[in-house]
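Examination of the molecular architecture
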Amino acid sequence: MRTFRTTTATALAAALALSVAGCSSDGQTPDLGEVKASVSSAVEGARASVEEARSAIDDVKARLDDIAPEARPKVEEAISSSSTAIEDAKAALDEAKASAGPSASAARAEAEAALEAARAKLDEAKASVDEDSRSALDSLSAKVDELRADLESQG
């Protein structure tokens, strides 16, 4: 799946570069429909990451009862931060699909910052839980990192 996203991101970057340059190797401007399809494909790949991250949050929530009471507030804060960041990322993806203007870039930057903050809270929470709970938090951290990489490839 990561290879697909990398390939899609590379194709998107190439298509956008040709579009910005206003020419292709044959002297013709690229088909805007193809560029839009490439952008749309990249956004759909990133949306799959959103769903995977949501699933990872559900896994962590399912373990909340097993987490020591003193560690629970940090884990709950990490879950909340991650949930908000994932929703911000989804909104940024929707904005990117609708337009490639400054508002899409701003939404993407805000979502990336929220994902970075969520990652920091997850790291903090991992330090206070047992191995089983840490594994679930590691999985969520990986999904947050993957989603952030997908967003970065959009810009």
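Predicted, not measured: the structure shown is a model, and the values here were computed from it.

Thresholds applied
- Residues numbered from 1 in each chain as written.
- Predicted model: local features only at pLDDT ≥ 70, side-chain atom pairs only at ≥ 80, totals over all residues.
- Heavy atoms only, no water.
- Helix = DSSP H or I, 4+ residues; strand = E, 2+ residues; numbered from the N terminus.
- Buried < 20%, exposed > 50% of the residue type's maximum accessible area, 1.4 Å probe, protein only.
- Areas by Shrake-Rupley, 256 points an atom, 1.4 Å probe, with all protein chains shown as cover.
- pLDDT = per-residue confidence, 0-100.
- Contact = heavy atoms within 4.5 Å.
- Core = buried A, V, L, I, M, F, W, Y, C linked by side-chain atoms within 4.5 Å.
- Axes fitted to C-alpha atoms, helices over the stretch in contact; angles between N-to-C directions.
- Parallel < 35°, antiparallel > 145°, perpendicular 65-115°, else oblique.
- Left-handed = near helix turned anticlockwise from the far one by under 90°.
- Nonpolar A, V, L, I, M, F, W, Y, C, P; charged D, E, K, R; others polar.
- Expected span 1.5 Å × (residues − 1).
- Salt bridge = Lys/Arg side-chain N within 4 Å of Asp/Glu carboxyl O.

**Focus on the overall build of the protein**
Across its full length, the protein carries five helices and zero strands. The secondary structure elements of the protein, listed N-terminal to C-terminal, are α-α-α-α-α. With 155 residues in all, the protein has 35% of them scored as buried. When the accessible surface of the protein is totalled, it reaches about 8200 Å², and 53% of it is carbon and sulfur.

**Topic: the confidence of the model for the protein**
Averaged over all residues, the pLDDT of the protein equals 78, while 70% of them reach at least 70. Across the protein, the element-wise mean pLDDT spans from 43 in helix α1 (residues 2–21) up to 92 in helix α4 (residues 102–126). Throughout residues 1–25 the model reports pLDDT below 50, and contacts reaching past four residues in sequence, or to other chains, amount to 31 contacts.

**Describing the nonpolar core**
Within the largest apolar cluster, 30 residues are counted, with the highest numbers of intra-cluster contacts made by Val60, Val75, Leu115, Leu137, Leu140 and Leu151. Listing elements by their share of this core, those giving two or more residues are α2 (32–62), α3 (72–98), α4 and α5 (131–154). Element by element, the count of residues in this core is highest for α3, at eight residues.

**Section: the packing of α3 against α5**
Two quantities define a packed helix pair, namely the angle between the axes and the distance from one axis to the other. Direction vectors running N to C along α3 and α5 enclose 25°, while the axes themselves pass 11 Å from each other. Here α3 is positioned roughly parallel relative to α5, judged by the angle of their axes. Along this stretch, α3 crosses α5, giving a crossing that reads as left-handed. Along its contact with α3, which presents Val75, Ser82, Ile86, Ala89, Ala92 and Leu93, the element α5 presents Leu137, Leu140, Val144, Leu147, Leu151 and Gln154. Looking at the contact of α3 with α5, its residues break down into ten nonpolar, two polar and no charged.

**So, α5**
Structurally, the α-helix is built with 3.6 residues per turn, so residues lying three or four positions apart point the same way. If you check α5, its first and last C-alpha atoms are 35 Å apart, about what 24 residues at 1.5 Å a residue would give, namely 34 Å. Within α5 the residues assigned to the buried category are Ser133, Ala136, Leu137, Leu140, Ser141, Val144, Glu146, Leu147, Asp150, Leu151 and Gln154.

**A word on the packing of α3 against α4**
Orientation of α3 relative to α4, taken along the N-to-C sense of each, is 160°, at an axis distance of 8 Å. Looking at the two axes, α3 sits roughly antiparallel to α4. The two elements α3 and α4 cross, and the hand of that crossing is left-handed. For the contact of α3 with α4, the residue count by class is 16 nonpolar, three polar and seven charged.

**Considerations on the pattern of salt bridges**
Evaluated as defined, the whole model comprises 14 salt bridges. A salt bridge links Glu124 to Lys74; the shortest N-O distance between them is 3.8 Å. Taken together, the residues span a long stretch of sequence, with Glu124 in helix α4 and Lys74 in helix α3 at a distance of 50 residues. Across the salt bridge formed by Asp123 and Arg119, the nearest N and O atoms sit 2.4 Å from each other. Taken as a pair, Asp123 and Arg119 lie in helix α4 at a separation of four residues, close to a single helical turn.

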